[in-house]
Amino acid sequence: MATFSPSPAPRRSSRLPTNARPSSPPRRIRVANNNSRFSTPNRNADSASVVSLMDIDDGGSSVDSEKSFVKSGFEHVFGKSDQLTVSFYANLPLEVTQILRNADFYPGAYSGEIDTLTGFALVASVKTCFVWQHAMAVKGIPTCYIFTCPYYSKQTGTPFHSLVSWGSGREPGLILISPVGEIRFWDSVGIGLAGGDRYSTTYLELITGHTVTGLKRVDTQTYVVSTTFGSVYKLVLTSTGGKYHLTSHPFSKPSPSLSLSRLIPFFSSSSSTTVQVVSEPGNISAIALGAQTTDGSQEIWVLINQRVQRWAMQLEGWEEVLQDGDVDDVIRSAVRKTFGDSVEKDDAKLDLELLDLVVDSASKLVILVSYAALEEVNMMAMDATGIRRIYSLVQLSPSGDSFKVDTVRSVPYQSTSSSSAPMHPRIQLLSEENVVSIQFGDAVALCARASDYQERLELKSATDCILGVGIMQSDSVVLVLTAATMMKVNVDTENVLTFDSESGKTHLIKSIMTQAILYGSLPNNPLHFSFPPEVDEESLMQAAEQLSDSILRSNSELVRGNQDLSSQLKIRRERLTWLIQFINENTALNKAKKLDAAYNLWAVHNDLLATGPTHSVLNDAVYAYMNEYEASYREDFMRAFFKFHVKDLGIVLERVPDVTLNAAQQIGRNVGDLLPEANRILLTVLTAALGHREQNLITYGINLPMIDPWTSTSSIIDGILALFDTTTRISDSPTAANKDAELYNQLPDLAEVLFACMSQRLERLAIDARGDASGAERELHELQRKFDMLRPEVFETLRMRRNGHAQAAFTLAEKYQDYSSLAALCHRDTIYPPEENPNFARIQGYIERFEEQFTNALYQWYIQHGEVRTMFAQSEGYSTYLDRFFEQNPTPSISWLHDLGKKRYYEAADALLNEAQQTVNLEVKHLELSIGKLANLAHLRKTEGIRDDAFHDALDVVSVHEALLDAFNAVVANMRGRRSLDTQVDTIIKEKASLLPEKRELTYIFKKLVKDLLQGKSLSIEDTVDVLTLKDNFESVGDYATALHLLARCNLPEARKLAAFRTVWRRIYLHDDWNAIQRTSGVGEAELGQRFRQTALYSTFLDVISQPDQGEPDGFETDPDVALLVPTIQEIASRWPGIPQDQVERIHDDYNIECDKLGESDLEEAYPRVRELAELDLSQDSNIL
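Residues numbered from 1 in each chain as written. Predicted model: local features only at pLDDT ≥ 70, side-chain atom pairs only at ≥ 80, totals over all residues. Heavy atoms only, no water.

Caption draft 1: The environment of Arg 1091, seen in detail. Secondary-structure assignment places Arg 1091 in helix H35 (residues 1085-1093). Look at Arg 1091 and you get partly exposed, because its relative accessible area is 22%. Spatially, the C-alpha atoms of Arg 1091 and Ala 1076 are 9.8 Å apart, while their sequence positions differ by 15 residues. If near-sequence neighbours (up to four positions away) are discounted, Arg 1091 is found in contact with Ala 1076, Ile 1077, Arg 1079 and Val 1083. Within the structure, the side chain of Arg 1091 is placed 3.5 Å from the backbone oxygen of Ala 1076, a separation counted as a polar contact. (Helix = DSSP H or I, 4+ residues; strand = E, 2+ residues; numbered from the N terminus. Buried < 20%, exposed > 50% of the residue type's maximum accessible area, 1.4 Å probe, protein only. Contact = heavy atoms within 4.5 Å. Polar contact = N/O pair within 3.5 Å; in protein donor to acceptor, adjacent residues only side chain to side chain.)

Caption draft 2: Main features of the packing of helix H32 (residues 1038-1048) against helix H36 (residues 1096-1106). In contact at an axis separation of 8 Å, H32 and H36 are set at 45° when each is read in the N-to-C sense. The orientation of H32 with respect to H36, classified from their angle, is oblique. Relative to H36, H32 is oriented so that their crossing is right-handed. Side by side, H32 and H36 meet where Tyr 1040, Ala 1041, Leu 1044 and His 1045 of the first sit next to Ala 1096, Thr 1100, Asp 1103 and Val 1104 of the second. (Axes fitted to C-alpha atoms, helices over the stretch in contact; angles between N-to-C directions. Parallel < 35°, antiparallel > 145°, perpendicular 65-115°, else oblique. Left-handed = near helix turned anticlockwise from the far one by under 90°.)

Caption draft 3: Spatial organisation of the pairing of strand S19 (residues 284-292). In the sheet, S19 pairs with strand S20 (residues 298-304) via 6 bridges, with the strands oriented antiparallel. Paired with Ile 287 across the bridge in S20 is Val 302. In sequence, S19 turns back onto S20 through a hairpin of 5 residues, with Gly 296 there showing a positive phi of about 95°. (Pairing = 2+ DSSP bridges.)

Caption draft 4: Representation of the sheet that holds strand S11 (residues 182-186) in the model. Taken together, 4 strands build an open sheet; the order of strands is S9-S10-S11-S12 and the sheet is antiparallel. Edge strands, defined here as strands with exactly one partner in the open sheet, are strand S9 (160-164) and strand S12 (200-203). Between one strand axis and the next, the sheet turns by 20° as a mean value, whatever way the strands run. The pairing of strand S10 (residues 173-177) with S11 spans 4 bridges and is antiparallel.

Caption draft 5: Examining the nonpolar core more closely. Counting 92 residues, the largest nonpolar core has Phe 854 and Tyr 859 as the members making the most contacts within it. The leading source of residues in this core is helix H17 (residues 741-770), at 13 residues. Apart from residues lying up to four places away in sequence, Phe 854 is in contact with Tyr 819, Leu 822, Ala 823, Ile 843, Tyr 846 and Ile 847. Formed by 74 residues, the second largest nonpolar core is a distinct cluster that contains Leu 965, Leu 1046, Tyr 1069 and Leu 1163. (Core = buried A, V, L, I, M, F, W, Y, C linked by side-chain atoms within 4.5 Å.)

Caption draft 6: Representation of the pattern of salt bridges within the structure. This model, assessed by the stated rule, comprises 52 salt bridges. Across the salt bridge formed by Glu 867 and Arg 869, the nearest N and O atoms sit 3.6 Å from each other. Taking the relative accessible area as the measure of exposure, Glu 867 reaches 13% and is therefore buried. Overlapping salt bridges bring together Lys 999, Glu 1022, Asp 1023, Asp 1026, Arg 1056, Arg 1066, Arg 1067, Arg 1135 and Glu 1154 as one network. (Salt bridge = Lys/Arg side-chain N within 4 Å of Asp/Glu carboxyl O.)

Caption draft 7: Region of interest: the packing of aromatic side chains. Following the criterion strictly, the structure yields 28 aromatic pairs and no others. An aromatic cluster of three or more residues is present, and its members are Phe 810, Tyr 819, Tyr 846, Phe 850 and Phe 854. The ring of Phe 810 has Arg 842 sitting right over it, with the charged end atom 3.7 Å from the ring centre. Stacked on the ring of Trp 1136, the Lys or Arg Arg 1135 has its end atom at 4.1 Å from the ring centre. (Phe/Tyr/Trp six-rings, centres within 6.5 Å; stacked < 30°, edge-to-face > 60°. Lys NZ or Arg CZ within 6 Å of the ring centre and 35° of its normal.)

Caption draft 8: The side chain of Thr 726, seen in detail. Checked against the element boundaries, Thr 726 lands in helix H16 (residues 714-732). If we skip the residues at most four places from it in the chain, Thr 726 touches Val 671 and Leu 675.

Caption draft 9: The arrangement of the sheet that holds S20 in detail. In space, the 4 strands of this open sheet follow the order S19-S20-S21-S22, with antiparallel pairing throughout. Looking along the sheet, the strands with just one partner apiece sit at the ends: S19 and strand S22 (319-326). Taken pair by pair, the neighbouring strands of this sheet meet at an average axis angle of 20°, ignoring direction. Relative to S22, strand S21 (residues 307-313) runs antiparallel, the two being bridged by 7 bridges. What sits directly across from Ala 312, in S22, is Glu 320.

Caption draft 10: Spatial organisation of H35. Residues Leu 1088, Gly 1089 and Phe 1092 constitute the buried set of H35. Mapping the buried residues of H35 onto a view down its axis gives an arc of 100°, with all of them on the same face. (Arc of directions from axis to C-beta.)

Caption draft 11: Representation of the packing of helix H33 (residues 1054-1070) against H36 within the structure. In the contact formed by H33 and H36, the axes pass within 7 Å of each other and the chain directions differ by 135°. Classed by the angle they form, the pair H33 and H36 counts as oblique. Judged by residue contacts, Trp 1065, Ile 1068 and Tyr 1069 of H33 engage Ala 1096, Leu 1097, Thr 1100, Phe 1101 and Val 1104 from H36. When grouped by side-chain class, the residues that make up the contact of H33 with H36 number 7 nonpolar, 1 polar and no charged. (Nonpolar A, V, L, I, M, F, W, Y, C, P; charged D, E, K, R; others polar.)

Caption draft 12: Broad picture of helix H21 (residues 840-850). Within H21 the residues assigned to the buried category are Ile 843, Tyr 846, Ile 847 and Phe 850. For H21, the buried positions fall inside an angular range of 100° around the axis, keeping them on one side. Counted as exposed and oriented over 90 degrees from the buried face of H21: Ala 841, Glu 848 and Arg 849. For H21, the elements touching its buried residues are helix H19 (806-815), helix H20 (819-825), helix H22 (852-864) and helix H24 (879-888).

The following block contains the structure:
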């Protein structure tokens, strides 16, 4: 048996390696039966208990309640057709069942195989391999042999495995190879009963970065290993001293120097030198055995990227390449020729991939290929997530050094982004090479080579996985190993070969539906029955008709005869209900919408014809379609369309808006004359289609959203919107005042259809986005945004019509639960007082009906439109809604009013304090803090709590702002005339910050802060401190101490707070000329002390020392040496986030200017002397007091 990587192999560099596609089919999510996951039929059950499903149990009438199996011999049948019988084969070992019960198959962490030569099967995880005799499992629970796999720390995939056949009298051996080339060999699987520790180990000589991609058994002693870089290795089992071990070497040819030894064997030796064959690098995705030549050599075929290689393994022990050629071009051409326009024309988009190959006895190659579906096919795919990969079987025949394509056949399987259990698909031949089996992660497909027969077995559970497929050639039997059980598929070769391509498709679809009815409801059945891709509509119709007729006629294959006629009628009804649900799941009833819509449209067109119109929009649209898509028609084109082309009704509908506008220009008529018919066409078709959907939701068990929403394509949505806008514009024009009531009255219907189509489109896109369909998520967000913006505009358009469509606007807003629009529609007239609002009763009704959903939108509207008074004027009974609104939407700037009204003083105070901290306007901040302080006092009085100084401190900061403003406004008041704000700031700097201009960047910052103050804005603490300390403080030296206190009480990062303290003290020291103060020539002690007392440092010490010890922060008092430390570049960038780096550096330079000046001042003796004076004076004042 061959084993390969459980995930698709890497492809050419032109492909993105991260876009590995899963290779399993889509399936709908179903509610799992509690006992259906891994339970399998008991093979040893009493045969008397097994009842034919053809025989309806007298006591049970529901399809879902039937628990019996079909009896065919002693086999528990899962499915049966003319060509196949699928039945239970064997149980899995308990150890395997346990490990696979909750396994995740997506990472490729499990692989398996069924070896029909040895009668054994295995399942391997990354670290453990389980082996058992599946032939023995038929009789009960099999014995399991457990082995430790070769493993390395970064390994994510399973090892490659092969069983070694020693013949029927001995248990097989086992070979495991890790992806990096570590090989373990067990002489017998029986060793696994004792822990499996006795094994031999060898290593492939892989180049760094290369990994193993496959292992193929050639015979009992020879094996072939493939790699990611195109190298092929040969493994040989040899015996030494009675013990077997493995040797390996890369495929190689004999050295030229030894060519004589090929002619004269006498000179050859076992140590003959060989040279490795080096071919073009590439990933090897498959190895297949070819024929044995007359000289005894074995042909090996290798699939490497887009090439096929043929090797000969010589008896002498060396290998040679017989053929090596690209086949991708010839395959690509053949696929396009076979499937025509359904295949992508661009090679890059086609993305052809060669997955696996087998070689038959006539040396013909069968290659499994996959390619990407057309983009438009992806968008309209029947699967919920869009088709991603399509599969085909290509048969090639060697023709000299090249290959020719014999046949190309489709495979009834397509993988999508949501496909479960991604595994690399593998193919095998059976039934005397007449049938090809294809193993996918969750399905097995069977395709005949000489007829059109094809069928697939799909797993029901999304958590199940197909791990291996084995072929019993002599019996035409396929064994299937899944994560839950083992199944046997008996293939009737004769019926496969005689499959009739004409009637066979209908019969095959009928067979699928029959099996769905008979076997689909069995709780232990692991199979899911579904239509293959590209179901032929005619075949489906014929099959459904035949099957439903058989049920009506009580065909014995479907309904057992029953004397109780009521019970029998009920069973037949349930059979038909099951059939309808099954067809619905496979998207067959979607076409009924078009037929219903076409019927209504034809009736409307007939009414128009009766009026003798000179022009028809529908006539033009259908004519344009028929000219483009149908070159010849024998009847009039309109009747021909309704007879044969109703399936393209959506295409005609998309043309109507453009046809209307073009016709108006071409025939010189007013577009308003054509609009009523154009609107009528869209409204008739879409209303009928959407109504048909609603009507049949329950009848046919349709699950929304529809899989093929032809009524909601982007073109149709754009067309409806264009007609709505044009109708609005024309109906508003003075010329249309009393002329066309129909056009005016069509507006509400157009709006309703527009919203319905957009909603349907959003439902579909949401499913596509969850399945990662290309572009779906982006389109979903764009359309949702467009829909959200469009609804209020449409509602307002309807409300403002002359005769009023306000009720239609309200009805639509209610239907789509657009509560924001409902709130807006309710407030287009008088708003306050609320009792005088014409919609007052409606608002109360909405509150009672929709509760919080409406009140949240209502209160949001009040806040956005400045109608808070109306919000608080509502009835006291609605206050709980206000509470919940403010809980979910914290709005402290408003909620404090509600809290005060409810006497929740603490909440009001807390809201006002938090809001004040965010408020920029100084007056508003002052008001908020003042009210908040009063609320806090009321709370403290009510609870007898401890006073909180937060409001006191915040109001102090406001007081500092007001003092600064008073000083600056005094300067502005002395200016003559009306001056600009910049001029006012410049004047303030000249009079209040005369020493600042030498520090240019700090001057720029100071200007900005003064401008903010003059505009009534509040400053941060750091900004306030800068204004206090950068201005001249000749008459206000106390501002330095104020700055220190502000810093001490604020919350700042520790490093920034320390830097700010140092800056304040540095400016305190720089306030005075210390060199002049300390010129003591002819100066007495009293005069020197007086000089010290006149410094800013002395004044600041008086304030700092006099304060009670309250645990002031570090830096609150800073000596001159520490004040020399300026803020770092990082601290400056943190202080002014977002400013350019060069500005940060200029600010740093200004700080260095301050530092240099301070360094020139001699404060070594003055600093302690000033502090002593301050302490002495404070103590004397204290004694006096």
